[in-house]
Amino acid sequence: MSTIIHARYTMIDGVAQKDTAVYVDESKIVAIDSVDKLTALYPNAEVVGGDTYILSPSFTNAHDHGRALGTTSLGIPDSFLEVWLSQLGNVPHIPPYLAAVYEGLQLLKSGVTAVAHSHNPKTWQGMPDEIPESIRGYQDVGVRVAMHPPIIDQNTLIYIKRDQFIASLPSEIQKTIPITDGIDLTTDDYFDMLNALYETYHDTEQHRVHIQVSPAGGQWCSDNLIMRAVEWAKSRQTCVQMHMLETQYQRLYAHEKWGTSFIRHLDNIGALGDWLTLAHMVWVEDDDLDLLAERGVHVAHNISSNLRLRSGIAPIAQMLASSVNVGIGLDGHTLSDNQDYLHEMRLAWTMANQHSMDSGDVSASTIWQMGTHNATKMTFGHNAPLGKIQIGMLADLVLLDWQAIKGAWSPDDFPPSEFIPDFLLRRANHHHVRDVMVHGEWMIKAGKHQHIDEDAIASELKETLTQQVGDTSASLAPYIRKFYKDWSQSLPDNLSDLKR
Ligand SMILES: [Zn+2]
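Thresholds, definitions, all that
Residues numbered from 1 in each chain as written. Predicted model: local features only at pLDDT ≥ 70, side-chain atom pairs only at ≥ 80, totals over all residues. Heavy atoms only, no water. Helix = DSSP H or I, 4+ residues; strand = E, 2+ residues; numbered from the N terminus. Contact = heavy atoms within 4.5 Å. Polar contact = N/O pair within 3.5 Å; in protein donor to acceptor, adjacent residues only side chain to side chain. Pairing = 2+ DSSP bridges. Axes fitted to C-alpha atoms, helices over the stretch in contact; angles between N-to-C directions. Domains from an automatic or database assignment. Buried area = accessible area lost by both parts, 1.4 Å probe. Salt bridge = Lys/Arg side-chain N within 4 Å of Asp/Glu carboxyl O. 1 Å grid on protein atoms, 1.4 Å probe; cavity = no way out; pocket = protein on both sides within 12 Å on 5 of 7 lines; lining within 4 Å. Points joined across faces, edges and corners; volume = space filled by probe spheres on them. Nonpolar A, V, L, I, M, F, W, Y, C, P; charged D, E, K, R; others polar. Phe/Tyr/Trp six-rings, centres within 6.5 Å; stacked < 30°, edge-to-face > 60°. Buried < 20%, exposed > 50% of the residue type's maximum accessible area, 1.4 Å probe, protein only. Parallel < 35°, antiparallel > 145°, perpendicular 65-115°, else oblique. Left-handed = near helix turned anticlockwise from the far one by under 90°.

A. Seen up close, the environment of Ser222. With respect to the helices and strands, the residue Ser222 is situated in the loop between strand S11 (214–215) and helix H8 (223–236). In the structure, Ser222 is positioned 84 residues away from Tyr138 in sequence and 31 Å away in space, judged by C-alpha atoms. Not counting chain neighbours up to four residues away, the residues in contact with Ser222 comprise Asp153 and Gln154. A polar contact is formed between the side chain of Ser222 and the side chain of Asp153, at a distance of 2.7 Å.

This is the structure we're talking about:
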């Protein structure tokens, strides 16, 4: 199967180029030239696209959880991260295969063909059964997945002073708190599961599935666990992903525990390297940015989630100025609860630029790179041939409806090509995604999946949720909020400048 794809503009390294068509043979980009030259060279190829389209590398969702629906849609209100997390146990259970297929459908229809999936298990001990089902869902829908099952071994209820927190609760709530502060999956069993998954699924040829490791967050993982994960990944040349510095309380935790920043502590134990992606990073300290760049650590930027969970705004402009590789992730928590990747890029771009005229600009081209090549590099590693329109790359491509983005009012040669990235980021959304190719195969044509019965999947999801409509009340929420407030106020003065 061979295809020539052409468009009014083709996005190459975040820049819109005219007269740039792509020839795809089997799974790869084999030639890039004008459509006339390619059709002369490859007369038997199918020719797709035209002047009413924009051609781009597809997008990579550099951090997510594959929940199928946003948590508001699942009945959990947005709040502070720590409060919101305490309610997550109330979300209805969606079988992992169904969740992955529905999630994958939304991602593809948003132009996303690859995702870093941090699994939210129904039960920790059930994870070895859930993960293969989730992978099977992504495989069937046609989305590449970097699967990193989570593991934690401490501070599950609250970051610090667990006994004090429990003592502050009314006795009827105290009775509901688990005795231990860990989880019911041992670290050894977790790594046994990872080994089995790695042997079965990790694919460095086609890059359909990667198996990675996720000590889920700095405050939830002991140093031993973090370093065991790092060694596991390094010895297999795969990646590590962690939630990091999502809230100001996590930054305070590090300073109170080690007298230094979380990043310096991770460096002290040897955890930083180009195998590591840190998600969120809202509360990273300016002094640590050069260190992150030096170590090659990647950052997954989750702007919507950080706003919805009242975490704050990550200093993306500063990270980019320090040459940290930053990619974009949706975290299952976009502003409109709909996994719209173009909208997420728009928000990331808008919020990255600052009010002072002496701050640098974060350009639309840079954001496009963050959504394509940068996000892919951190999700599948430096060696995966993904995320660019370039000869030899795997053909993961998206055609956007340029006519609809532009509007009927727009003169033929407006906007000029150097302004196209700005124009796209300000106006395009997931409704403009027309055709999506994964590994040389069209998975979405004219906005519809080519193999999956979307209505049947939606009905199945509705049926699953109908059986589970119930109580999502938040019994711990007010106590958690009060505890963190009191704790941060009680910290010594030398930590006060860490609070914003
Ligand atoms: Zn997350």
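B. Summary view of the sheet that holds strand S14 (residues 298–301). Taken in spatial order, the four strands of this open sheet run S12-S13-S14-S15, and their pairing is parallel. Of all the strands in the sheet, the pair left with one neighbour each is strand S12 (240–244) and strand S15 (325–328). With direction set aside, neighbouring strand axes in the sheet form an average angle of 30°. Inspection of the sheet shows S12 paired to strand S13 (residues 276–280) by five bridges, in the parallel sense. By the bridge assignment, His243 is partnered in S13 with Ala279.

C. Focus on the domain arrangement of the chain. Here the chain is described as being made up of domain 1 (2–57 + 390–438) and domain 2 (59–380). A buried area of about 2100 Å², summed over both sides, lies between domain 1 and domain 2, and 62% of it is on carbon and sulfur atoms. The interface formed by domain 1 and domain 2 holds one salt bridge in total. For Asp396, the salt bridge goes to Arg144, with nearest N and O atoms at 2.6 Å. The tally of links between domain 1 and domain 2 comes to nine residue pairs in polar contact (both at pLDDT 80 or more).

D. Local environment of the layout of surface pockets. Put simply, the second largest pocket is a space of about 360 Å³. Residue classes in the lining of the second largest pocket are distributed as five nonpolar, nine polar and two charged.

E. Spotlight on the packing of aromatic side chains. Scanning the entire structure with this criterion turns up 20 aromatic pairs. Between Tyr159 and Trp220 the ring centres are 6.3 Å apart and the planes differ by 65°, which places this aromatic pair in the edge-to-face class. Taken together, the positions of Tyr159 in the loop between strand S9 (150–151) and helix H5 (162–167) and Trp220 in the loop between S11 and H8 put the pair 61 residues apart, joining distant regions of the chain. Taking the centre distance of 5.9 Å and the plane angle of 85° together, the rings of Tyr253 and Trp258 count as edge-to-face. Residue Tyr253 is classed as buried on the basis of its relative accessible area, which comes to 3%. Among the aromatic residues, ring-to-ring pairing joins Tyr159, Phe165, Trp220, Tyr249, Tyr253, Trp258, Phe262, Phe483, Tyr484 and Trp487 into one connected group.

F. Region of interest: the packing of helix H14 (residues 341–352) against helix H17 (residues 420–427). Running from amino to carboxyl end, H14 crosses H17 at an angle of 115°, the nearest separation of the two axes being 8 Å. Considered as vectors, H14 and H17 are oriented roughly perpendicular to each other. Crossing of H14 against H17: the hand is left-handed. Contact with H14, carried on its side by Met345, Arg346, Trp349 and Thr350, involves Asp422, Leu424, Leu425, Arg426 and Arg427 of H17 and no other residues of that element. Residues of the contact of H14 with H17, tallied by class, amount to four nonpolar, one polar and four charged.

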